[in-house]
Amino acid sequence: QVQLVESGGGLVQPGGSLRLSCAVSGSILSMNGMGWYRQAPGKQRELVAHITSGGTTTYDDSAKGRFTISRDYAKNTMYLQMNMLKPEDTAVYYCNADISVGAGIGIIYWGQGTQVTVSS
């Protein structure tokens, strides 16, 4: 059973930093692309950052220059370093992964989400 578990969320002041982690476990043949999404109340879930199996990264315009996505392949863990946080970054952040669990079987998995609140 494949599981994605996020951690590292919390309450921070504007201008502060947080580092989110996503630990992947279970019967995994291979991991393909991974990404961080966020969803604020009343808004659609949006892609914040994405990283391919080869390490190529992309960011939403709102995250460029402030957020950094990375992967630790040995630990099957993905990270999102968030600096210079703004109140508008407040949302539930979700880990997403495209995982091959068998030959010709690829499944999109989501974590349970972790709350990030940026407020004075």
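The present account deals with the structure reproduced in this document.

The rules behind the values
- Residues numbered from 1 in each chain as written.
- Predicted model: local features only at pLDDT ≥ 70, side-chain atom pairs only at ≥ 80, totals over all residues.
- Heavy atoms only, no water.
- Salt bridge = Lys/Arg side-chain N within 4 Å of Asp/Glu carboxyl O.
- Helix = DSSP H or I, 4+ residues; strand = E, 2+ residues; numbered from the N terminus.
- Buried < 20%, exposed > 50% of the residue type's maximum accessible area, 1.4 Å probe, protein only.
- Pairing = 2+ DSSP bridges.

1. So, the pattern of salt bridges
Here's step 1: Here the structure, examined in full by the defined rule, presents 4 salt bridges.
Here's step 2: Its salt-bridge partner being Asp-89, residue Arg-38 comes within 3.0 Å of it at the nearest N-O pair. One end of the pair, Arg-38, is in strand 4 (residues 30-39); the other, Asp-89, is in the loop between strand 8 (77-82) and strand 9 (91-102), with 51 residues separating them in the sequence.
Here's step 3: For Arg-38, a relative accessible area of 6% translates into the label buried.
Here's step 4: Its relative accessible area of 1% is what places Asp-89 among the buried residues.

2. Points about the pairing of strand 4
Here's step 1: As defined by bridge partners, strand 4 adjoins strand 9 across 8 bridges and the pair is classed as antiparallel. Residue pairing across strands places Tyr-37 opposite Tyr-94, the latter belonging to strand 9.
Here's step 2: Bridge analysis of strand 4 against strand 5 (residues 46-51) gives 5 bridges, and the strand direction is antiparallel. Residue pairing for strand 5: Trp-36 is matched across the bridge by Ala-49.
Here's step 3: The hairpin turn running from strand 4 into strand 5, its antiparallel successor, is 6 residues long, and Gly-42 in that turn takes a positive phi close to 80°.

Take it as geometry only, folks, not as evidence of what the structure does.
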